[in-house]
Amino acid sequence: MGEMDTLKKEADGLKAQIEAGRKAVNDTTMATLASGVAAAPRVQLKNRKTLKGHLAKIYGLHWSADNRHMVSASQDGKLLIWDTYTGNKVYAVPLKSSWVMSCSMAPSGNLVASGGLDNMCTIANIKGASPKTLRELDAHEGYLSHSRFLNDSEILTASGDTTCCLWDLETGKQKVIYKSHVGDCMCLAVSPDQNTFISGACDSSAKLWDIRDGGCKQTFIGHTSDINAIAFYPSGTAVITGSDDCTLKMYDLRADQEVNGYQDAALNAGVTSVSLSSSGRLIFAGYDNFNCNIWDSLKAEKVGVLSGHDNRVSCIGVPDDGLGVCTGSWDSFLKIWN
Amino acid sequence: MPGVINMDELTDVDKAKMERDQKKIEVKLERWLTSKCCTEFMEAVQAGVEDDTLVKGIAEDKNPFKELKGGCVVC
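Everything quoted here is computed from the prediction, not taken from an experiment. (Residues numbered from 1 in each chain as written. Chains lettered and ligands numbered in written order. Predicted model: local features only at pLDDT ≥ 70, side-chain atom pairs only at ≥ 80, totals over all residues. Heavy atoms only, no water.)

> Can you tell me about the side chain of Asn-293 of chain A, naming the residues and giving the values?
Residues and elements named next belong to chain A. For Asn-293, the position within the fold is in strand β24 (residues 292-296). The exposure class assigned to Asn-293 is buried, which follows from its relative accessible area of 2%. At 3.4 Å, the side chain of Asn-293 forms a polar contact with the side chain of Lys-302. When near neighbours in sequence (up to four residues on either side) are disregarded, Asn-293 contacts Leu-267, Ile-283, Phe-284, Ala-285, Tyr-287, Lys-302, Gly-304 and Val-305. (Helix = DSSP H or I, 4+ residues; strand = E, 2+ residues; numbered from the N terminus. Buried < 20%, exposed > 50% of the residue type's maximum accessible area, 1.4 Å probe, protein only. Polar contact = N/O pair within 3.5 Å; in protein donor to acceptor, adjacent residues only side chain to side chain. Contact = heavy atoms within 4.5 Å.)

Given below as structure tokens:
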């Protein structure tokens, strides 16, 4: 047998052992356990505000840790920072490349990051008299699909080059490269304790990484298409993924497997974005079909819908205090609901 | 720098080795019973539901996103 065949046989054998290990601990399902839980009330959220200002498709949004400000990114070539209580735009950050795919704000509120088809992550300081570019993080060999700050000196990025990366913002250099996915990385979420993060990719898998040593600790399979969106539960013990296969899945990190699935035969639109209510009871998922569906995370039932956008819902976010949910769309508007 | 791999230099055999080595790490994981994980998970979620605004709703006067009526908004 050639070396390739030997290696493949070994890997397949190990994968079979992993699946057997997962099956061995799978003594019940969330569906069974949740049958005794009272149904979540039918959720009827109202559109409280519509933020108008972008002139083209919105591709990303991220709430500030102050629960009031928010950054949004549009292919009109701008990041806008909003005061969501008044609906006013506080800053506009012009982008060198308008092909932006994501944006994020540092927990401090001092910095914003953006990137896309330019393969770069650009960091801007928004606390001066006018927004100033601080760093251009330029080493990925594919598009920048997602980013999240750990603090004002470190940021994680996910890229179409199949890797994720931790950058040092003091030097502008890569500190750690996370390599194991075999498809474009589309999204990432940081664990509440900031020791690990999870990534979703076009190879249909989600991977849990040790932030500091770069090692992949666990791989979650089951989706049959690109994973576009991912969110960590506040407990740090579970994650939700959203995929082009039109489903969402909950993976429990300690059971190392899928424990709940969210799908509907009538739904044939891919999931673009996902966010959780403060308790995690509700999952907000944006779809290609212009809607955002609200799922009961325990009973896996659809309990509401946010409709009002005239195009794909591309991004969703709930602020840390859980007082509302914001949807961003290719129709160029952001809507806040509660 | 941890994790640095120059992808251009990786052959198919290298990639197959990486996969095999990754699975060697993952096979060792100690897994918890789903009954224990799901029960704990559900308890944690239910404990937070009372304070979850998007489940319980919010009073109009406490809603920071309510439409501001009257007055002047300078953009």
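The discussion continues.
> Got a sec to walk through the pairing of strand β9 (residues 132-137) of chain A? Specific residues and values, please.
In this sheet, β9 of chain A lies alongside strand β8 (residues 121-125) of chain A in antiparallel orientation, the contact comprising five bridges. Bridged to Ala-124 of chain A within β9 of chain A is Thr-133 of chain A. (Pairing = 2+ DSSP bridges.)

> I'd love a proper account of unusual backbone geometry, names of residues and values included.
Residues and elements named next belong to chain A. One non-glycine residue, Asn-119, lies in positive phi territory at about 65 degrees. Summarising the element assignment, Asn-119 is placed in the loop between β7 (111-116) and β8. Judged by relative accessible area, which is 22%, Asn-119 ranks as partly exposed. Even without glycine at this site, Ser-332 takes up a positive phi of about 85 degrees. Note on Ser-332: relative accessible area 11%, which makes it buried.

> Run through the interface of chain A and chain B, naming residues and quoting values.
Listed per partner, the contact involves 70 residues of chain A and 53 residues of chain B. Counting each side, the surface lost to burial between chain A and chain B is near 5200 Å², with a carbon and sulfur contribution of 65%. If you look at where chain A meets chain B, you find six salt bridges. A salt bridge links Arg-31 of chain B to Asp-256 of chain A; the shortest N-O distance between them is 2.8 Å. Put simply, chain A and chain B have 18 residue pairs in polar contact (both at pLDDT 80 or more) between them. With 12 residues, the top contributor of residues to the side of chain A that touches chain B is helix α1 (residues 3-25) of chain A. Residue composition of the side of chain A that touches chain B, by class: 31 nonpolar, 21 polar and 18 charged. (Buried area = accessible area lost by both parts, 1.4 Å probe. Salt bridge = Lys/Arg side-chain N within 4 Å of Asp/Glu carboxyl O. Nonpolar A, V, L, I, M, F, W, Y, C, P; charged D, E, K, R; others polar.)

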